[in-house]
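Chain by chain, the residues:
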Amino acid sequence: MNEHVHHPQPNSTVQLDIEGMTCASCVSRVEKALLKVPGVTAASVNLATERASVQLAEPAGPEPLIGAIEKIGYKARPHQKAHGHVGHHHHDEDAAVLRRDTIRAAIPTLPLVIIEMGGHLYPPFHMAVMSVVPLPALYIAYFVLASFVLFVPGWRFFKIGIPTLLHRAPEMNSLVAVGAGAAWIYSTVVTFAPQLLPEATRNVYFEAAAVIVTLILLGRWLEARAKGRTGAAIQHLVGQQAKTARVERDGTVEEVAIAEVAVGDIVLVRPGEKIAVDGEVVDGSSHVDESMISGEPLPVAKTAGASVVGGTLNTSGSFRFRATKVGGDTMLAQIIRMVEDAQAGKLPIQGVVDQITAWFVPAVMALALLTFAAWLVWGPEPNLTYALVNAVAVLIIACPCAMGLATPTSIMVGTGRAAELGVLFRKGEALQLLRDAGIVAFDKTGTLTEGKPQLTDLILDEHFEHDEVLALVAALEARSEHPIASAIVAAAEKAGLTLSPVEEFDSDPGHGVVGRVGGRLVKVGSARYLSGLDLSDFDAAVERLSAEGKSPVFAAIDDRPAAAIVVADVLKPTSKAVIAALHEQGLKTAMISGDNRRTAEAIARDLGIDEVRAEVLPADKAAALKTLRQAYRTVAYVGDGINDAPALAEADVGIAVGTGTDAAIESADVVLLGGDLRQVLNAFIISRATLRNIWENLFWAFGYNVILIPVAAGVLYPAFGILLSPMLGAGAMALSSVLVVSNAQRLRTVKGVM
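Residues numbered from 1 in each chain as written. Predicted model: local features only at pLDDT ≥ 70, side-chain atom pairs only at ≥ 80, totals over all residues. Heavy atoms only, no water.

- Within an unreviewed UniProt entry, the label attached to the protein chain reads P-type Cu(2+) transporter, and the organism entered is Devosia oryzisoli.
- The annotation that UniProt attaches to the protein chain under Catalytic activity (unreviewed entry) is "Cu(2+)(in) + ATP + H2O = Cu(2+)(out) + ADP + phosphate + H(+)". (UniProt positions renumbered as here; feature names shortened; annotations may be inferred.)

1. A few points about the overall build of the protein chain
Now for step 1: Helix and strand content of the protein chain: 26 helices and 26 strands.
Now for step 2: A compact globule built from 754 residues would reach a C-alpha radius of gyration of about 27 Å, whereas the protein chain, at 35 Å, exceeds it by more than 25%.
Now for step 3: Taken along its principal axes, the extent of the C-alpha atoms in the protein chain is 125 × 65 × 55 Å.
Now for step 4: Taken across its 754 residues, the protein chain has 53% of its residues classed as buried.
Now for step 5: Restricting to contacts in the protein chain with at least 6 residues of sequence separation, those with at least 24 account for 71%.
Now for step 6: With the model as given, the accessible surface of the protein chain reaches about 32,800 Å², and the carbon-plus-sulfur share is 59%.
Now for step 7: The distance from the centre of the 62 positive side-chain charges to the centre of the 78 negative ones in the protein chain is 8 Å. (Helix = DSSP H or I, 4+ residues; strand = E, 2+ residues; numbered from the N terminus. Rg over C-alpha atoms; globule rule 2.2 N^0.38 Å. Buried < 20%, exposed > 50% of the residue type's maximum accessible area, 1.4 Å probe, protein only. Contact = heavy atoms within 4.5 Å. Areas by Shrake-Rupley, 256 points an atom, 1.4 Å probe, with all protein chains shown as cover. Lys, Arg positive; Asp, Glu negative; His and termini not counted. Charge placed at Lys NZ, Arg CZ, Asp CG, Glu CD.)

2. Overview of the nonpolar core
For soluble globular proteins, nonpolar side chains are generally found buried alongside one another.
Now for step 1: Residues Phe 425 and Phe 442 are the most contacted members of the largest nonpolar core, which totals 144 residues.
Now for step 2: Ranked by residue count, the leading element in this core is helix H24 (residues 679–713), at 15 residues.
Now for step 3: Counting 26 residues, the second largest nonpolar core, distinct from the first, contains Ala 487, Ala 492, Val 513 and Ile 557. (Core = buried A, V, L, I, M, F, W, Y, C linked by side-chain atoms within 4.5 Å.)

3. A look at the sheet that holds strand S7 (residues 266–269)
Strands pair in a sheet through their backbones, by hydrogen bonds, and they do so in one of two ways: parallel or antiparallel.
Now for step 1: Spatially, S6-S5-S7-S13-S8-S11 is the arrangement adopted by the six strands of the open sheet, whose pairing is antiparallel. The outermost strands of the open sheet, each flanked by one partner alone, are strand S6 (252–257) and strand S11 (307–308).
Now for step 2: Here S7 runs beside strand S13 (residues 319–325); their pairing, made up of four bridges, is antiparallel. The residue of S13 that forms the bridge with Leu 268 is Arg 320. (Pairing = 2+ DSSP bridges.)

4. Observations concerning the UniProt feature "transmembrane region" (unreviewed entry) in the protein chain
Now for step 1: Those residues carrying the UniProt feature "transmembrane region" (unreviewed entry) are residues 137–155, 175–197, 203–222, 356–378, 384–407, 698–717 and 723–744 in this numbering.
Now for step 2: Split by type, residues 137–155 is 84% helix and 0% strand. Its first and last C-alpha atoms lie 25 Å apart.
Now for step 3: Across residues 175–197, helical content stands at 78% and strand content at 0%; the span's end C-alpha atoms are separated by 25 Å.

5. Overview of helix H2 (residues 63–71)
Now for step 1: Within the sequence span of H2, burial applies to Leu 65, Ile 66, Ala 68 and Ile 69. Taken end-on, H2 shows its buried residues confined to a sector of 160°, consistent with a single buried face. Exposed side chains of H2 directed beyond 90 degrees from the buried face belong to Glu 63 and Lys 71.
Now for step 2: Looking at the buried positions of H2, the neighbouring elements they touch are strand S1 (12–19), helix H1 (24–35), strand S2 (40–46), strand S3 (51–56) and strand S4 (75–78). (Arc of directions from axis to C-beta.)

Here it is in structure tokens:
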């Protein structure tokens, strides 16, 4: 059973950027170090974003946390939010440093490989080198080149890997340090004290040590570049921000930096310009391209009173608007924050991966020792050489790097792509929970329907004309406060009808209204209100409408029955298609409504919805979701967010449909920008694609290790004579990380439904 637990809100959350983490074991070490700091109640570290989210029992500064991280060999600083300015993704610097170090390692490694491997592949080349440089001198040259590679660009592996090994918490750097270090030490002994080793085993492996370091640096550089692209969605959003704004001040217009715009400022926008901050149009009119926040391709008309969003593009006219939200309060800044937080989150599946990698590296160390011992005891001559080479190959190939990146990189790219499609995952774990959902429950009013009453039926008596009745009824209803009245008036205005003045107006609240319009007596109300009239001509129509869950009111003109009028909340045009698409995906659907059962069931029948919960008060929506959970385990709830906050919080995945400014967004796990219900399908598409991508990554990362570690240990040697050299191991290991990150990039091409 998927129990739903409400966690109390922590008093304080601190976000830290961390440098120096390379694999899942690093993540585990940093989390353990943070959890030991007094006052820390929870810590979650993400390898792809290189960020830690730490919950504290009470508000405190980040200094003790940073101290704990630096004590175990990593660097940390308070997280810099991207929304205030256009910043560089923090992987850019890593990629530049790794590129430099890869080149510094490759230059001395190249002659080592050419001379040593060239001699093996083409014996005359070996003889030619020997005739020019004697073997002892050649070995010293190898020693100098390999030492530079290991202890200048490769020093990072030893600086982190050896202390972690001594602390009995080895991680990926430890594997590389021990593997490359063992090859270097062995070769150094052969070079300077060969008499300590049997003659048959006096081989040097300087080129293997250097190639291992160079290839792993190359892999990390490619990975950092790919990870930089992984954060492209955030960069794209940050890039949407305008740099300057034209503001009216003291009767003149001046161009100011975006940071200087204040709430209440009047901002001018010309055609083709980006809107600087959120605001409300004061005068002028235009069409604004809001596809950046809603995914909706058509520009939206803007006139006085309309709201505009910072970062969107003004296409045609010019207008002035009053700034209502600036800086970190703008919708774009909130979107960036939400995407960042989702990318830094952890999926439940990641916990399993972290547990495996916590024991994985020590297990590999033990396996390498076992390999060394087995070859030393049972291996052919020179057994010491075979033992060393195979033990090093095991250490190098078994990197948990790909495992650590499998989940977070997919989350980063998936949530970024979702944002581009107008779907904001506020919490990363919603990605997995949405994939597991058994039923999608919808709020009716404002979610499946337009949320405001409209005139749907005007059934006329044969003696009256449509426009005549509508004009008279609308003129009377224009004096009424009832919601039905505004729908009738709106229909008359839409039809271009002129409304005459009303005399002798009188209202009987809850029953009807009466008055004289252009000298004619008009009454509108319930059948009871018009009880003196014969309404039997409308019986067939009333029966049909009742079956549809609709209740008409009646109009009489000059004491003669004129029309039956139905005002109802109409369905959104996309609702039916969305429900059908969810059914195609194998999901059940439910509708939660405050309407009477008959009306609710009629709407559900029309849409093809499986389960109906009718006559539900807003306060009871959360309880209705609990009953659905008992039957379907994981429940997603879609609401328009006006009175849906408790239900959005109660659902396993709360999905808020809206413009992104509603207070209920704080209760939702997923926010659909632009209010189009088809975005629900995009949320499911992204969720499924991301989880599928994660499983592909994990399959590759684990499968690679399961297959290649035994090969590196030499299991194929007795039967086939096949051994895996440490250099090939280093190449395969680097490739595995690059493959995982590259596979995650495929999520950038996921297509939405709109």
